[in-house]
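Coordinates in review
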Amino acid sequence: MLVLFDEMITDIAANGYLIIRMLLSAVCGVFIGFERSRRQKDAGIRTHMIVALGAALAMIVSKYGFFDLLQYEGLRADASRIASNVITGVGFLGAGVIFVRDVSIKGLTTAAGIWATASVGLAIGAGMYTVGIGATLVMILFQLFFHRFFRSFENTVNEFTVVIRDDNAAIKSFRDTLEANKILIEKCKMTRNSDSTVTLDITIKKARTTSMDEVLLVAEQDEDVLSVEI
């Protein structure tokens, strides 16, 4: 136990600078994810942050995690290939938690977390305690921080039904009104009724800060809209 503790202290002193690399990668992922969120993409801030962090961690493990094997003369095995195969295999595991419902994609952040967690395991297994523990703390803190303060930048998918006057210009005008209010129509099913009206079953993607009450208010203000229902 004392030997392990001594190894950890030595590792902290020698590899603390690698935490800065992971932090920088995570911050870059945040900025990329922020831009994607602003464009209402499914993979947002947290997903990009975890992927960037996990990739940096995997690179550090592959580059520095096997120096202790060089002490053995005649050893020609490329130990870093084990790490790359682990990352590839866990990628398929992560894909299993991603599912699509209509136009909504769920599980991206969870899948990214599984992939990054595999890199944490590689780092600890390679004896890079500071890097592995540091990556874990960074991932948890960033997740909590962005879930708490930046959740409003995430997008939601909602559905509602509109009955509108049967006129192509009226329908186009209604769609333009939604888009002008940053409400993107992802899916629309149109049914013509016998009373010269059209029923639109609409699936939208909107910012979390935009409530459905605001969406309904926008729809009701259109003079061609006869009724709105969630």
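These numbers were taken from a predicted model, which means no experiment stands behind them. (Residues numbered from 1 in each chain as written. Predicted model: local features only at pLDDT ≥ 70, side-chain atom pairs only at ≥ 80, totals over all residues. Heavy atoms only, no water.)

1. A closer look at the pattern of salt bridges
All told, the structure shown has three salt bridges when counted by the stated rule. When the shortest N-O distance is used, the salt bridge between Arg192 and Asp166 registers 3.2 Å. Separated by 26 residues along the polypeptide, Arg192 in strand E4 (residues 184-192) and Asp166 in the loop between strand E3 (155-165) and helix H6 (168-180) bring together distant segments of the chain. Of the residues examined, Arg192 reaches a relative accessible area of 48% and is grouped as partly exposed. Asp166 sits in the partly exposed class, given a relative accessible area of 30%. (Salt bridge = Lys/Arg side-chain N within 4 Å of Asp/Glu carboxyl O. Helix = DSSP H or I, 4+ residues; strand = E, 2+ residues; numbered from the N terminus. Buried < 20%, exposed > 50% of the residue type's maximum accessible area, 1.4 Å probe, protein only.)

2. Examining the side chain of Asp222
Within the secondary structure layout, Asp222 lies in the loop between helix H7 (212-220) and strand E6 (225-229). We note that Asp222 is buried and unpaired, the nearest opposite charge coming from Arg165 at a distance of 7.4 Å. A distance of 2.9 Å separates the side chain of Asp222 from the backbone nitrogen of Asp224, its partner in a polar contact. When sequence neighbours within four positions are dropped, the list of residues in contact with Asp222 reads Ser173, Phe174 and Thr177. (Lys, Arg positive; Asp, Glu negative; His and termini not counted. Polar contact = N/O pair within 3.5 Å; in protein donor to acceptor, adjacent residues only side chain to side chain. Contact = heavy atoms within 4.5 Å.)

3. Examining the sheet that holds E3
Taken together, the four strands give an open sheet; going across it, the order is E4-E5-E3-E6, and neighbouring strands pair in antiparallel fashion. Every interior strand has two partners, whereas the edge strands, E4 and E6, have only one. With strand direction ignored, the average angle separating the axes of adjacent strands in the sheet is 25°. Alignment of E3 against strand E5 (residues 197-207), held across eleven bridges, turns out to be antiparallel. When the bridges of E5 are listed, Arg165 appears paired with Thr197. Where H6 meets the sheet, its contacts fall on E3, E4, E5 and E6, and the angle it forms with E3 comes to roughly 155°. Packed on one face of the sheet, H7 meets E3, E5 and E6 and runs near 25° to E3. (Pairing = 2+ DSSP bridges. Axes fitted to C-alpha atoms, helices over the stretch in contact; angles between N-to-C directions.)

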